[in-house]
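Chain and residue survey
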Amino acid sequence: ITMLRHSLLVVLSVAEEQSQCLFMIQRMDEDTDCVDFKQLKGPVSILISTAESTERMGARLEKRGKALRQAYDANQQDQINRRLALLTIASVIFMPLTFLSGIFGMNFVNMPVLELENGFYGLLVTMLVITIAMPVGFHYYGWFV
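Here we summarise the structure given alongside this text.

What follows covers the overall build of the protein. Broken down by element type, the protein carries four helices and zero strands. Tracing the protein from N to C terminus, the helices and strands come up as α-α-α-α. When the 145 residues of the protein are sorted by exposure, 14% land in the buried category. Partitioning the intrachain contacts of the protein with sequence separation of at least 6 by distance along the chain shows that 67% fall at a separation of at least 24.

Before going further, it helps to spend a moment on the pattern of salt bridges. Any two side chains of opposite charge can pair, given that their charged atoms come close. Taken as a whole, this structure holds two salt bridges when the rule is applied. Put simply, Arg-69 and Asp-73 hold a salt bridge, and the shortest N to O gap is 3.7 Å. On the criterion of helical spacing, the pair formed by Arg-69 and Asp-73 is a turn pair, its members being four residues apart in helix α2 (residues 41-104). Exposure remark for Arg-69: the relative accessible area of 38% places this residue in the partly exposed category. A salt bridge links Asp-78 to Arg-82, with the nearest nitrogen and oxygen atoms 3.2 Å apart. Note that Asp-78 and Arg-82 are positioned in helix α2 at a spacing of four residues, about one turn of the helix.

Right, let's talk about α2 for a bit. Taking 1.5 Å of rise per residue, the 64 residues of α2 would be expected to cover 94 Å, and the 94 Å separating its terminal C-alpha atoms lies within 8% of that figure. The largest bend in α2 amounts to roughly 30° and is located at Phe-94, with the proline Pro-96 lying one to four residues further along. For α2, the complete set of buried residues consists of Val-44, Ile-48, Ala-51, Gly-58, Glu-62, Ile-89, Ile-93, Leu-97 and Leu-100.

Conventions we followed
Residues numbered from 1 in each chain as written. Predicted model: local features only at pLDDT ≥ 70, side-chain atom pairs only at ≥ 80, totals over all residues. Heavy atoms only, no water. Helix = DSSP H or I, 4+ residues; strand = E, 2+ residues; numbered from the N terminus. Buried < 20%, exposed > 50% of the residue type's maximum accessible area, 1.4 Å probe, protein only. Contact = heavy atoms within 4.5 Å. Salt bridge = Lys/Arg side-chain N within 4 Å of Asp/Glu carboxyl O. Expected span 1.5 Å × (residues − 1). Bend = angle between axes of the 7 residues up to and from the residue.

These figures capture arrangement, not role.
Shown next as structure tokens:
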């Protein structure tokens, strides 16, 4: 898009310069007595109108290029936002699991749940319930499709 924009700006500058030169030639017809520009009046006016239409078309293409660039940027931003949302949801799901594993990973003598016969399995079931319940809840509330 950038290369096309540069080429378009080159075409626009050439068209503007041609238009200015053609206006100068048209004025020379009025100011100069030594050269008869009456024979060139028709072709010069055609060239002037062509240069003006080229300028208008270039301006339209430049606006279209800006619109395409904005649409592309919006699409890129949307993709980044979706990725960040997914990463946020994943971190929210794993945060309680990290907390539980951090607490039960400490080496303390008095850990009430670890003294139970099925304490380890109870902790695993709790972590599994959290892992399943959070994505289901997020889906239910419309956080992701």
